[in-house]
Amino acid sequence: MSRALPLSPRSLDLLDFELYSRQIGLLGVDGQLALASSTVAVVGLGGLGSAATLYLAAAGVGRMILVDKDVVDKSNLHRQILYGAADIGKPKAVVAAEAVKRLNPKIDVEAVPEPLDLQLASWLAREADVIIDAVDNWRTRLLLDEAAWRMGKTLVHAAAERLHGQATTVKRGVTGCLACIAPSNIEASGCQSILGPVVGMLGSLQALEAVKVITGVGEPLYNKLLIVDGSTMTFEVLKLKPIECSKCLEKLRPRKHRHELGAEATL
Ligand SMILES: [Zn+2]
């Protein structure tokens, strides 16, 4: 096993052998310390982000940054398991941070109840070791992709609608960028129908990907696109070309020389 991140002095304080006794056998003490030394940003605290956040907090990630500008709506509750009926109308990021603290009080957690713009995406890419793309639109995804790509940080992508979903993990120098697999029309609105367990499954997969990237255990979905069909319980892995596309290279050029993406996107 190779450890991907340098250890922080604080990580020893978070090392609780009883709490993590059932996973240390898989991750090793080094892996557990790597989790405790890591910062993960979850962008989008809907169905995907709910599952990813809870599993990453439970696993012992040392610092979490939770980003979502929305408040909890009644129509969220069938799939967004971070929230309950009493949270309707409250900021998702704040409620999510409270849930993380209840689950694992030693974690540093920051709530960011703001829309994602280029400035915030760039800050997240500086602060986080891994960014979870749990948003529901491609415009926001591509902002995250660009920021992560510039900083060489790992972006764990998932998307879901109806009974279907997909996931992959991208990192500069290892894979192509997320724009390589973006639909040609990123403005097209997605389907509004979704079942909770489908986003729960994909969000759980994102947490697993982040744990693997941070600890060096297992093989992340680098250059692979997992396609999940929940209607037939079919899982398919498509191979992606590791070659950098023109969009990958475009991201590394100074911004002033090219057309900019919109300054703000919605989550
Ligand atoms: Zn690309």
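Residues numbered from 1 in each chain as written. Predicted model: local features only at pLDDT ≥ 70, side-chain atom pairs only at ≥ 80, totals over all residues.

Broken down by element type, the protein carries eight helices and eight strands. In terms of overall dimensions, the protein is globule-like: its C-alpha atoms have a radius of gyration of 18 Å, near the 18 Å expected for 267 residues. Seen through its principal axes, the protein has C-alpha atoms that stretch 50 × 40 × 40 Å. Each of the 267 residues in the protein was classed as buried or not, and the buried ones make up 47%. Restricting the contact set of the protein to residue pairs at least 6 apart, pairs at least 24 apart contribute 73%. (Helix = DSSP H or I, 4+ residues; strand = E, 2+ residues; numbered from the N terminus. Rg over C-alpha atoms; globule rule 2.2 N^0.38 Å. Buried ≥ 20, exposed ≤ 12 C-beta atoms within 10 Å, placed from the backbone. Contact = placed C-beta atoms within 7 Å.)

In this section: unusual backbone geometry. A positive phi angle, close to 50°, is found at R162, a residue other than glycine. Structurally, R162 is set in the loop between β5 (154-161) and β6 (164-170). Located in the positive-phi region is N223, a residue other than glycine, with phi close to 60°.

So, on to helix α5 (residues 118-127). The complete set of buried residues in α5 reads L120, A121, L124 and A125. Along the axis of α5, the buried positions cluster into a sector of 135°, meaning they face one direction only. Facing away from the buried side of α5 by over 90 degrees, the exposed positions are Q119 and R126. Where α5 is buried, its residues touch β1 (39-43), β2 (63-67), β4 (130-133) and α6 (138-151). (Arc of directions from axis to C-beta.)

With that settled, the discussion passes to the sheet that holds strand β3 (residues 108-112). Ordered by their spatial adjacency, eight strands build an open sheet running β3-β2-β1-β4-β5-β6-β7-β8, and the pairing between neighbours is mixed. With partners counted over all chains shown, the strands left at the sheet margins are β3 and β8 (234-239), one partner each. Across this sheet, the average inter-strand angle for adjacent strands is 15°, counted without regard to direction. One ladder, built from five bridges, connects β1 with β2; its direction is parallel. Residue T39 lies in a different strand from β2, and its bridge partner there is R63. Of the strands in this sheet, β2 and β3 are in contact with helix α4 (residues 92-103), which crosses β3 at around 170°. The strands that α5 touches are β1, β2 and β4; relative to β1, the one it contacts most, it runs at about 150°. (Pairing = 2+ DSSP bridges. Axes fitted to C-alpha atoms, helices over the stretch in contact; angles between N-to-C directions.)

Okay, the packing of α5 against α6 next. Two elements in contact, α5 and α6, have axes separated by 8 Å at closest approach and are oriented at 40°. One element, α5, and the other, α6, form an angle in the oblique class. The handedness of the crossing between α5 and α6 is right-handed. On the side of α5, the interface is formed by L118, A121, S122, L124, A125 and R126, while α6 contributes L143, L144, A147, A148, R150 and M151. (Parallel < 35°, antiparallel > 145°, perpendicular 65-115°, else oblique. Left-handed = near helix turned anticlockwise from the far one by under 90°.)

What follows is about the environment of L202. Looking at the element boundaries, L202 is found in helix α7 (residues 196-215). With 25 C-beta atoms packed within 10 Å, L202 lands in the buried category. Separated by 38 residues in sequence, L202 and H164 place their C-alpha atoms 9.4 Å apart.

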